[in-house]
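One letter stands for each residue in the lines below.
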Amino acid sequence: MPVRVRNIRKKKEKKMATKQDYLKETIQHIDIKQHNVVPFVDSMEKMAFSARDLNRAAKIFDNMLKDKDCTIFLTLAGSIFSAGLKKVVFDLINNNMVDAITSTGALIVDQDFFEALGYKHYIGTPFVDNNELRELAIDRIYDTYIDEDELRVCDETIGKIADSLEKRPYSSREFIYEMGRYLDNNGGPKVEDSVVYAAYKKNIPIFVPAFSDCSAGFGFVMHQTKFPGEHVSIDSAKDFLELTKIKIASKQSGIFMIGGGVPKNFTQDIVVAADLLEGSAEMHKYAIQITVADERDGALSGSTLKEACTWGKVQTSSEQMVYSEATIAMPLIAGYAYHKGSWKNRQGKEFQKLFSSEKIDA
Ligand SMILES: NC(=O)c1ccc[n+]([C@@H]2O[C@H](COP(=O)([O-])OP(=O)(O)OC[C@H]3O[C@@H](n4cnc5c(N)ncnc54)[C@H](O)[C@@H]3O)[C@@H](O)[C@H]2O)c1
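Throughout this document, residue positions are counted from 1 along each chain, in the order its sequence is written. Given that the model is predicted, a residue must reach a pLDDT of at least 70 before its local features are reported, and side-chain atom pairs must reach 80 or more before they are shown or counted; all residues, however, enter totals for whole chains, interfaces and linings. The basis for every side-chain value is the complete set of non-hydrogen atoms in the structure, without hydrogens or water.

Undergrad: Requested: an account of the site of the ligand, with residues and values cited.
TA: As a structural note, the neighbourhood of the ligand is formed by 20 residues, with Gly-78, Ser-79, Asp-213, Gly-260 and Glu-325 the closest of them. Polar contact criterion, stated in full: a pair of N or O atoms within 3.5 Å, where within protein one must be able to donate a hydrogen and the other to accept it, and residues adjacent in sequence count only if both atoms are side-chain atoms. A distance of 2.6 Å is found between an oxygen atom of the ligand and a backbone nitrogen or oxygen belonging to Gly-78. Within the contact set of the ligand, an oxygen atom lies 3.4 Å away from a side-chain nitrogen or oxygen of Thr-291. Labels follow the DSSP assignment, with helices taken as runs of H or I lasting at least four residues and strands as runs of E lasting at least two, numbered in each case from the N terminus. Ranked by residues supplied to the shell around the ligand, first place goes to helix H6 (residues 105–116) with three residues. Polarity classes work like this: nonpolar for Ala, Val, Leu, Ile, Met, Phe, Trp, Tyr, Cys and Pro, charged for Asp, Glu, Lys and Arg, and polar for all others, with Gly in that last group. Class assignment for the residues of the shell around the ligand results in seven nonpolar, 10 polar and three charged. Consider each residue's heavy atoms; a residue with any of them within 4 Å of a molecule or strand counts as near.

What follows is the structure, encoded as structure tokens:
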């Protein structure tokens, strides 16, 4: 009897799945404004381990916001926007809780700009037929799906923006500003919570030191093939100089780091660059990092902030590592500082204006 049942099942034709079978339910970005986590995070103070570390990091972020002389650098790595943390950064921007951002390209282009063009990230699962996803042109980030065909529109849009600009080297900051201008000139972003657009409107510079390592790289490959002689290129040394100029223009500085990678090191290194240019520079006074990496391998992403002190980058009085996955820890730390309200006495520093003479048509 069981054999016969198996045979019947075998004879049934396998129904071909479609994209729509997979791309159904969208990722929803968490809204820190809706959840007052202050009592919750305060109660972690008398716990131990990561809870107490998180409590201390949240208080350090609040202290950065209280310190009127402090420029706040936010560094972003990992796939945190496709995971639902985009609106947290959007709210930090709109409430003057951050003054400059250093990020990976995946976050700014493949994930934020992509959603600003009207596309979505979908809830998925890692327990899936990956070959079927490949056949359907669905990309997977752990338990999240993306429509590869839509991502290609994002690549092409970056190429189109590059085609439209004066052919010369740009810092990634300049190019990302042009992405904001593109959204503005084309009816605005298709979503309310675009980080690129909010930063454009609030004059907050965004730097992506490895700009070609994402959807933007595909756009640039197309652009530079189309214009083999003179073309738009990205000058990452210019990025470093511009970010250093922000440090030089600041009395004090603090960094809020999500994950590690290039954005972490780039933003810590501006202290050394400022020291070289000015003869002396204050180390970052405040520093917090959320990361899943630890320090045993000697690599950058898990290197502690106390270790960064030996390199002359971070003071040891107000620093805290939080060993946690960012989707858990970031809403708690950012939500705590949001509901404490110290940002209400803070003015936006509008560092984009520091470079306005270098901007085209601006
Ligand atoms: N992640 C993507 O989906 C993706 C897609 C296209 C291109 N890229 C490119 O790959 C490069 C590296 O990207 P990356 O930032 O994804 O990875 P990464 O591995 O460089 O991240 C750096 C470190 O940050 C920490 N980290 C990352 N995610 C975390 C999380 N959720 N919580 C806590 N800690 C976390 C980890 O310790 C990790 O080693 C960038 O240039 C990016 O543009 C990434």
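On we go.
Undergrad: Talk me through a nonpolar patch on the surface; I want residue IDs and the actual numbers.
TA: To count toward a patch, a residue needs a relative accessible area over 30% and no salt bridge; like charges are then connected within 9 Å, while nonpolar side chains (Val, Leu, Ile, Met, Phe, Trp, Tyr) are connected within 5 Å. Under the convention used here, a 1.4 Å probe and the Shrake-Rupley method define accessible areas, while residue burial counts only the protein chains that appear. By definition, a salt bridge exists where a carboxyl oxygen of Asp or Glu is found within 4 Å of a side-chain nitrogen of Lys or Arg. On the surface, Leu-241, Ile-248 and Leu-277 cluster together into a nonpolar patch covering about 250 Å² of accessible area. Relative to the elements of secondary structure, Ile-248 occurs in helix H12 (residues 236–248).

Undergrad: Report on helix H9 (residues 172–185), specifying residues and quantitative values.
TA: Helix length check: H9, at 14 residues, gives a terminal C-alpha distance of 20 Å against a target of 20 Å (1.5 Å per residue), a fit within 8%. For H9, the tally of buried residues reaches 12 of 14 residues, placing the bulk of the element in the interior. Exposed residues in this analysis have more than 50% of their type's maximum accessible area, buried residues have under 20%, and partly exposed residues fall in between, with area computed by a 1.4 Å probe over protein chains only. Every buried residue of H9 is listed here: Ser-172, Arg-173, Glu-174, Phe-175, Ile-176, Tyr-177, Glu-178, Met-179, Gly-180, Arg-181, Tyr-182 and Leu-183. Downstream of H9 by one or two residues, Gly-187 has phi in the positive range, about 85°. In this scheme, a helix's expected span is set at 1.5 Å multiplied by one less than its residue total.

Undergrad: Break down empty space enclosed by the protein for me, citing the residues and quoting the values.
TA: Throughout, the protein atoms alone are placed on a 1 Å grid, and a set of points is a cavity if a 1.4 Å probe fits but cannot get out or a pocket if it is open with protein on both sides within 12 Å along at least five of seven lines; lining residues have an atom within 4 Å of a point. Grid points are joined across faces, edges and corners, and a volume is the space filled by probe spheres set on the points. This model, assessed by the stated rule, comprises one cavity of 30 Å³ or more. Of the pockets and cavities examined, the largest cavity occupies roughly 40 Å³. Looking at the lining of the largest cavity, the elements with two or more residues in it are H9 and helix H10 (195–202). Across the lining of the largest cavity, the residue classes tally to seven nonpolar, one polar and one charged.

Undergrad: Tell me what's going on with the nonpolar core, and back it up with residues and numbers.
TA: The criterion is simple. A nonpolar core is a set of buried Ala, Val, Leu, Ile, Met, Phe, Trp, Tyr and Cys residues joined through side-chain atoms within 4.5 Å. Within the largest apolar cluster, 80 residues are counted, with the highest numbers of intra-cluster contacts made by Phe-61, Phe-175, Met-179 and Ile-333. The element that contributes the greatest number of residues to this core is helix H15 (residues 326–340), accounting for nine residues. Residue contacts are counted whenever heavy atoms from the two residues lie within 4.5 Å of one another. Non-local contacts of Ile-333, meaning those with residues more than four positions away in its chain, are made with Leu-54, Ala-57, Ala-58, Phe-61, Phe-256, Ile-288, Ile-290 and Val-322. Membership of the second largest hydrophobic core comes to 16 residues, among which are Phe-207, Met-257, Val-314 and Met-321.

Undergrad: Summarise the packing of helix H5 (residues 81–94) against H6; cite the residues concerned and give the values.
TA: In a pair of packed helices, the angle between the axes and the distance between the axes together describe the arrangement. The angle between two axes is taken between their N-to-C directions and runs from 0 to 180 degrees, where each axis is a line fitted to C-alpha atoms and a helix contributes only its stretch in contact. Taken N-terminus to C-terminus, the directions of H5 and H6 make an angle of 75°; their axes are 11 Å apart at the nearest point. The angle between H5 and H6 places the two elements in the roughly perpendicular class. On H6, the residues touching Phe-81, Ser-82 and Lys-86 of H5 are Leu-107, Gln-111, Asp-112 and Glu-115. Grouping the amino acids of the contact of H5 with H6 by side-chain chemistry returns two nonpolar, two polar and three charged. Orientation categories follow fixed angle ranges, with anything under 35 degrees roughly parallel, anything over 145 roughly antiparallel, 65 to 115 roughly perpendicular, and all other angles oblique.

Undergrad: Quick rundown of the sheet that holds strand S11 (residues 314–323)? Include the residues and the values.
TA: Ordered by their spatial adjacency, six strands build an open sheet running S7-S2-S1-S9-S10-S11, and the pairing between neighbours is parallel. The open sheet has two free edges, formed respectively by strand S7 (206–207) and S11, since each of these has just one partner strand. Two strands form a pair only when DSSP identifies at least two bridges running between them. The pairing of strand S9 (residues 252–258) with strand S10 (residues 284–291) spans five bridges and is classified as parallel. Bridge assignment links Gly-254 to a residue of S10, and that residue is Tyr-286.

Undergrad: Report on the environment of Ile-246, specifying residues and quantitative values.
TA: Note that Ile-246 resides in helix H12. Separated by 105 residues in sequence, Ile-246 and Phe-351 place their C-alpha atoms 7.0 Å apart. If we ignore the near neighbours within four places in the chain, the residues touching Ile-246 are Thr-71, Phe-73, Ala-100, Pro-205, Phe-207, Phe-351, Leu-354 and Phe-355.

Undergrad: Please provide a residue-by-residue account of H10, values included.
TA: The buried count for H10 comes to six of eight residues, which makes it a mostly enclosed element. Those residues of H10 lying buried are Val-195, Val-196, Tyr-197, Ala-198, Ala-199 and Tyr-200. Elements in contact with the buried residues of H10: H5, H6, H9 and S7. Taking the backbone nitrogen of Val-196 as reference, a side-chain oxygen 3.5 Å away marks Ser-194 as the first, capping residue of H10.

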